[in-house]
Amino acid sequence: MEKNPEKVWEACLNYIKDNISPQNFKTWFLPIRPLKLRDNVLTIQVPSKFFFEWIEEHYLPLIKSAITRELGENAKLVYSIIMENSYGNETPYSINLPSNHRSPATHQKIQLPVEISQTGVKNPFIIPGLRKVNVDSQLNPNYNFDNFIEGDFNRLARSAGFAVAKKPGGTSFNPLLLYGNTGLGKTHLANAIGIEIKENYPDKTVLYVRCDTFTQQFYESTKNNSTNDFIHFYRMLDVLIIDDIHNLSGKIKTQDIFFEIFNHLHQNNKQIILTSDRSPVDLQGIEQRLLSRFKWGLSADLQVPDLESRISILQSKLYKDGIEMPQEVIEYLAYSINTNIRELEGALISLLAQASLNKKQITLELARQMIDKFVRNISREISVDYIQKVVCDYFDLPIELIKSKTRKREVVQARQLSMYFAKMLTKHSLASIGAQCGNKDHATVLHACKTVTNLMDTDKKFKGYVDDLKKKLTMN
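Each value, and the rule that gives it
Residues numbered from 1 in each chain as written. Predicted model: local features only at pLDDT ≥ 70, side-chain atom pairs only at ≥ 80, totals over all residues. Heavy atoms only, no water. UniProt positions renumbered as here; feature names shortened; annotations may be inferred. Salt bridge = Lys/Arg side-chain N within 4 Å of Asp/Glu carboxyl O. Buried < 20%, exposed > 50% of the residue type's maximum accessible area, 1.4 Å probe, protein only. Helix = DSSP H or I, 4+ residues; strand = E, 2+ residues; numbered from the N terminus. Core = buried A, V, L, I, M, F, W, Y, C linked by side-chain atoms within 4.5 Å. Domains from an automatic or database assignment. Contact = heavy atoms within 4.5 Å. Pairing = 2+ DSSP bridges. Axes fitted to C-alpha atoms, helices over the stretch in contact; angles between N-to-C directions. Expected span 1.5 Å × (residues − 1).

The name given to the protein chain in an unreviewed UniProt entry is Chromosomal replication initiator protein DnaA, and the organism recorded there is Schleiferia thermophila. Of the protein chain, the UniProt comment under Sequence similarities (unreviewed entry) reads exactly: "Belongs to the DnaA family."

Below you can see the structure in the form of structure tokens.
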């Protein structure tokens, strides 16, 4: 009996819905329509080529798992993509593209042995006559140095990471601990280091593993009486990258095992890379002997990127994806999302999705609507550097001049206006504002504010400048 494509896809959606966030499900899966099902080949319709590429890149394993559950191992997926009409016809046309499904075996996660007796080898990861087998590094190829934007907020971490990649285990940065708040690029940088090491040293065994996965593997090994194999496997690595090491907190037995593995790798000049959401001195629930080893190498923090860096991050991502966007929209996104990189990229993706799904041109107005609708709860405090940029753009001045010592009339005026709006629109102290406007003192800031106020009362043209700038800085 032929299965109904609508019912099959509905069952797939129920499975997918349980494995992703409600917002992502609504954005990327609700617009999809099932078209036909023939010989275990399910054809689904997606709104655009961008939509197709995004789903293939980010949700392929999930979709594969869903249709396999419903149609079996021989299931296949074909996309019917609605293409824009470019030949003057009244209706759009569609093209069919097969999904680039890969066999699950091409990228299996590391699993520790559970049936050791069947192999006759104490550690199945080590084959007699060979030092080691080819271990999948679990690295994400999209997280590399080429698309990792460097700025003052992450320069130390990036430089240290690149040095480690050139000489793993041969620098004083061992272990290298990358720390900072969520969404600032720790995972990206850790993966980039691993990828660079694999390119420079193809024979080295590199493994990226999340701390929770490491802990679960250890628990499984204790249940299956294979703890020695677990330890032997991790000891044979040349580079061990553990993400979110702070999750070891309170797990005493796992800490003991990791302590043993850490010592063996470090003593044999193997590279250890860790990430954490806080510095070693702030880590709680981790034994002191382990914390002291975290401090042996270098602890490098990743901070919140400044406005210019946020703009560079967006421009880099758009360039990589071959997408053009008005500069004013890019700057508005960078100004609006000042919390972390992950939310910044999420806002960009939401904007692209809205434009694609609704067949709308990307404009500043669309960006404002998207920001209000999807990221309403994100803090958008105006920064001093953003105020300086808006003022300098208004008067067509390089931003460097406003921080220089020049006394040219137009530069002094722009500097005073920047101080005036910084006092009005931010929570910075007068001293802090002065420091960011060319290392001026608080008295200079007060004088600037009084000068602007007096000129507004006596100079209509100048008052027009102030009104225009205020509208630009406070637009919603």
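J.: Whenever I open this one, the pattern of salt bridges confuses me. Can you help?
T.: For side chains of opposite charge, pairing can occur when their charged atoms come near one another. For the structure on display, the rule yields 14 salt bridges. With a shortest N-O distance of 2.6 Å, Arg 278 and Asp 277 are connected by a salt bridge. For Arg 278, a relative accessible area of 30% corresponds to the partly exposed category. Taking the relative accessible area as the measure of exposure, Asp 277 reaches 27% and is therefore partly exposed. Taking the shortest distance from any N to any O, the salt bridge between Glu 331 and Lys 389 comes out at 3.4 Å. Note that Glu 331 is positioned in helix α11 (residues 327–336) and Lys 389 in helix α14 (residues 384–395), a separation of 58 residues in sequence. The class for Glu 331 is partly exposed, based on a relative accessible area of 21%. A residue is classified by how much of its surface remains accessible, and Lys 389, at 14% relative accessible area, is buried. One network of salt bridges, with partners in common, ties together Glu 150, Arg 155 and Arg 158.

J.: Explain the nonpolar core to me, please; I cannot follow it from the model alone.
T.: One recurring pattern in soluble globular proteins is that nonpolar side chains are buried together. Met 325, Leu 333, Leu 351, Leu 417, Phe 421 and Val 466 are the most contacted members of the largest nonpolar core, which totals 54 residues. Both of domain 3 (305–378) and domain 4 (382–473) provide at least three residues apiece to this core. If we ignore the near neighbours within four places in the chain, the residues touching Phe 421 are Ile 387, Thr 426, Val 466, Leu 469, Lys 470 and Leu 473.

J.: Can you help me understand unusual backbone geometry in this one?
T.: In terms of backbone geometry, most residues other than glycine have negative phi values and most peptide bonds are trans. Note the cis peptide between Asn 174 and Pro 175, where omega equals 5°. With a phi close to 65°, Asp 244 is a non-glycine residue in the positive phi region. Along the chain, Asp 244 falls in the loop between β7 (239–243) and α8 (252–267). With relative accessibility at 14%, the residue Asp 244 sits in the buried group. For Asn 439, which is not glycine, the phi torsion reads 55° and is therefore positive. Checked against the element boundaries, Asn 439 lands in the loop between α17 (430–436) and α18 (442–458). Residue classification places Asn 439 among the exposed residues on the basis of a relative accessible area of 69%.

J.: Please explain the UniProt feature "binding site: ATP" (unreviewed entry) in the protein chain as it appears in this structure.
T.: According to UniProt, the feature "binding site: ATP" (unreviewed entry) maps to Gly 183, Gly 185, Lys 186 and Thr 187 in the numbering used here. Among the structural elements, Gly 183 can be located in the loop between β5 (176–179) and α5 (186–200). Residues in contact with Gly 183, not counting those within four places in the same chain, are Asn 340, Ile 341 and Arg 342. You can see Thr 187 is positioned in helix α5. Taking the relative accessible area as the measure of exposure, Thr 187 reaches 22% and is therefore partly exposed. Leave out the neighbours within four places in its chain, and Thr 187 touches Tyr 143, Tyr 208 and Asp 243.

J.: I keep staring at the sheet that holds strand β9 (residues 298–301) and nothing clicks. Help me out?
T.: Sheet strands line up and pair through hydrogen bonds in the backbone, either parallel or antiparallel. Read from one edge of the open sheet, five strands run β6-β7-β8-β5-β9, paired in parallel fashion. The outermost strands of the open sheet, each flanked by one partner alone, are β6 (206–210) and β9. On average, each strand axis in the sheet is inclined to that of its neighbour by 15°, with strand direction left out of account. Pairing of β6 with β7 involves five bridges; the strand directions are parallel. Counterpart to Tyr 208 in the pairing with β7 is Ile 241. This element, α5, spans β5, β6, β7 and β8 (271–276) of the sheet and lies at about 150° to β5.

J.: Could you clarify how one ought to interpret helix α16 (residues 409–425) in this entry?
T.: An α-helical turn contains 3.6 residues, so a residue and the one three or four places further along point in the same direction. An ideal rise of 1.5 Å per residue puts 24 Å on 17 residues; α16 measures up with 24 Å between its terminal C-alpha atoms. The set of residues buried in α16 consists of Val 411, Val 412, Gln 413, Ala 414, Arg 415, Gln 416, Leu 417, Ser 418, Met 419, Tyr 420, Phe 421 and Ala 422. Buried residues along α16 sit against α14, α15 (399–402), α17, α18 and α19 (460–473).

J.: Help me understand the pairing of β5, please; the structure alone is not making it clear to me.
T.: Taken together, the four bridges between β5 and β8 define a ladder with parallel strand orientation. Opposite Leu 177, over in β8, you have Leu 274 as the bridge partner. Looking at chain direction, β5 and β9 are connected through four bridges and run parallel. Across the sheet, Leu 177 pairs through a bridge with Ser 299, a residue of β9.

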